[in-house]
Amino acid sequence: MKIVFMGTPEFALYSLEAISSQPDNEIVAVLTQADKPRGRGYALTPTPVKVWATERNIPVYQPATLRDGAFEETLRELDPDLIVVTAYGKILPQYVLDYPRYGCINVHTSLLPRHRGAAPMQRAILAGDTVTGVSVQQMDAGIDTGDVLVTREIPIGPDDNLETVHDNLGLVSREALCETLTRIKEGTLSPVKQDETHATHAAKIEKSDCLIDFTADAQTVHNQIRALSPMPLAFTYTPDGKLLKIPQSRPESRDGENSCVPGTVVSLDGAITVACGRGTISLLTVLPEGKGRMAAADYIRGRKLAVGDRLGKN
RNA sequence: CGCGGAGUAGAGCAGCCUGGUAGCUCGUCGGGCUCAUAACCCGGAGGUCAUGUGGUUCAAAUCCCAUCUCCGCAA
């Protein structure tokens, strides 16, 4: 089966591995986002998918848009039986959706219809979900609205963060896609319509999503911190106005009123314990502006904070 | 050449502006106190202050120059 793959970030590599693990699949080309200046010094950086494909001598296309005739012609030349999309970052126009014999399928990292959209993993953790998963869907014109073909669930533990959820979902996404491909060939899929009444939208993570809101309860603050760790990281401000990112935390008490203003440091015994709207949370590791990640205890030793200081004001 | 911060003992930092004996909080080692301790007390070891055995100076962690490395912002 001739497959065109579309994807961009590291997560898409799980799908590429799944496809290439089946000998009767041929990846005739990949589409990925254009190289962008990234990192310090604005070095032009290829996407993980491009690197992967280049190493295997698979043709790489990086069209700025699919909405013109240039790609339509390319598509005819490639003549795929199926298009697999994982975190590509572009909308597929109708003629693309319609071209392959088996259509276009998408690996989405949530249990659809929950968390449709750009940041399903982060939004699931942020929402305090205890279960999530991957859904392989038959793409249609809407955003993540297609019929669901195969799903896999995973639990989200109380201390899972974006990294662990990402990795766990990657593994099951590989299985889910393998199963989907097999059943496409067998013709044994039974697509399931999404229940629109349960649909939610997982908006892209903005910088404002990363500013810690200590007026929330401790569990919510913890969810925010782990949903954004290790990238891009939740942050607050120290009393001297410096940025302080928080990779890791632990709720100390989930309930209980505090006599002080949310954001106030209540203890520095080995960690930075901060009062929340309800309960308290300990910041276990921190990332000061201009420095690397360090244990909170080390940060405290540098005498940067005192009990009674207030975080988040700036 | 996108903007900025930083390299000082095993860790985190101060000292630099206003050159003149290497300092703080920990850790570590030894001793003491204690029923006991991660608590407390006493003592010790551990640093070519990133590199150039660069420049200025009677004198450089400190001022100047170059290089290397790490990091934050932004995308």
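See above for the structure.
Since the model is a prediction, treat every value here as computed from it, not as a measurement. (Residues numbered from 1 in each chain as written. Chains lettered and ligands numbered in written order. Predicted model: local features only at pLDDT ≥ 70, side-chain atom pairs only at ≥ 80, totals over all residues. Heavy atoms only, no water.)

Let us now look at the overall build of chain A. A count of helices and strands for chain A gives eight helices and 17 strands. Per-residue burial for chain A yields a buried fraction of 47% across its 314 residues. Long-range pairs, those at least 24 residues apart, make up 65% of the contacts in chain A with a sequence separation of at least 6. As presented, chain A carries roughly 14,900 Å² of accessible surface, and 51% of it is formed by carbon and sulfur atoms. For chain A, the distance from the average position of its 33 positive side-chain charges to the average position of its 39 negative side-chain charges is 7 Å. (Helix = DSSP H or I, 4+ residues; strand = E, 2+ residues; numbered from the N terminus. Buried < 20%, exposed > 50% of the residue type's maximum accessible area, 1.4 Å probe, protein only. Contact = heavy atoms within 4.5 Å. Areas by Shrake-Rupley, 256 points an atom, 1.4 Å probe, with all protein chains shown as cover. Lys, Arg positive; Asp, Glu negative; His and termini not counted. Charge placed at Lys NZ, Arg CZ, Asp CG, Glu CD.)

Another aspect to go through is the side chain of asparagine 25. By the element assignment, asparagine 25 lies in the loop between α1 (12-20) and β2 (26-31). Residue asparagine 25 is classed as buried on the basis of its relative accessible area of 11%. Side chain to side chain, asparagine 25 and lysine 185 meet in a polar contact 3.0 Å long. Excluding its chain neighbours within four sequence positions, the residues that come into contact with asparagine 25 are Met1, Ile3, Ile19, Leu181 and Lys185. (Polar contact = N/O pair within 3.5 Å; in protein donor to acceptor, adjacent residues only side chain to side chain.)

The next subject is the sheet that holds strand β1 (residues 2-7). Reading across from one edge, β5-β2-β1-β6-β7-β9-β10 is the order of the seven strands in this open sheet, with mixed pairing throughout. The open sheet terminates on both sides in strands that have one partner only, identified here as β5 (60-61) and β10 (147-155). Bridge count between strand β7 (residues 104-108) and strand β9 (residues 131-138): four bridges; the pairing is antiparallel. Each residue of the ladder has a partner; that of asparagine 106, found in β9, is glutamine 137. Across the face of the sheet, helix α6 (residues 162-186) comes into contact with β1, β6 (82-86), β7, β9 and β10 while running at roughly 145 degrees to β10. (Pairing = 2+ DSSP bridges. Axes fitted to C-alpha atoms, helices over the stretch in contact; angles between N-to-C directions.)

Let us now look at the protein's contact with RNA strand B. Taken together, 18 residues lie around RNA strand B, and Arg40, Lys207, Lys245, Lys291 and Asp298 are the ones closest in. By atom count, sugar and phosphate contribute 57% of the portion of RNA strand B lying within 4 Å of the protein. Interatomic distance of 2.8 Å between a side-chain N/O atom of lysine 207 and a phosphate oxygen of RNA strand B. For RNA strand B, a sugar or linking oxygen lies 2.9 Å from a polar atom in the side chain of arginine 301. Elements with a minimum of two residues in the surface near RNA strand B: β3 (36-38) and α8 (296-301). Ranked by residues supplied to the surface near RNA strand B, first place goes to α8 with three residues. The residue makeup of the surface near RNA strand B, split by class, is four nonpolar, five polar and nine charged. (Near = heavy atom within 4 Å. Nonpolar A, V, L, I, M, F, W, Y, C, P; charged D, E, K, R; others polar.)

For the rest of this paragraph, the subject is the packing of α1 against helix α2 (residues 48-55). At a closest axis distance of 9 Å, the pairing of α1 and α2 adopts a crossing angle of 30 degrees. One finds that α1 runs roughly parallel with respect to α2. Note that α1 runs across α2; the crossing there is right-handed. Mapping the contact onto sequence places Ala12, Leu13, Leu16, Glu17 and Ser20 in α1 and Pro48, Val49 and Trp52 in α2. For the contact of α1 with α2, a count of residues per class yields six nonpolar, one polar and one charged. (Parallel < 35°, antiparallel > 145°, perpendicular 65-115°, else oblique. Left-handed = near helix turned anticlockwise from the far one by under 90°.)

Inspection of the entire model under this criterion finds 15 salt bridges. For glutamate 55, the salt bridge goes to arginine 56, with nearest N and O atoms at 3.4 Å. When its relative accessible area of 41% is taken as the criterion, arginine 56 is described as partly exposed. A network of salt bridges, in which partner residues are shared, links Arg152, Glu175, Glu179 and Arg183. (Salt bridge = Lys/Arg side-chain N within 4 Å of Asp/Glu carboxyl O.)

Moving on, we get to α2. Structurally, the α-helix is built with 3.6 residues per turn, so residues lying three or four positions apart point the same way. If you check which residues of α2 are buried, you get Val49, Lys50, Trp52 and Ala53. Projected onto a plane normal to the axis of α2, the buried residues spread over an arc of 160 degrees and lie on a single side. Tucked into the core, α2 has its buried residues touching β1, α1, β2 and β5. Phi for asparagine 57, located one or two positions after α2, is positive at around 60 degrees. (Arc of directions from axis to C-beta.)

Bringing the environment of proline 93 into the picture now. As for its position among the elements, proline 93 is in the loop between β6 and α4 (94-98). Exposure remark for proline 93: the relative accessible area of 9% places this residue in the buried category. The sequence separation of proline 93 and arginine 67 amounts to 26 residues, and the corresponding C-alpha distance is 6.4 Å. The residues contacting proline 93, other than those within four sequence positions of it, are Leu66 and Arg67.

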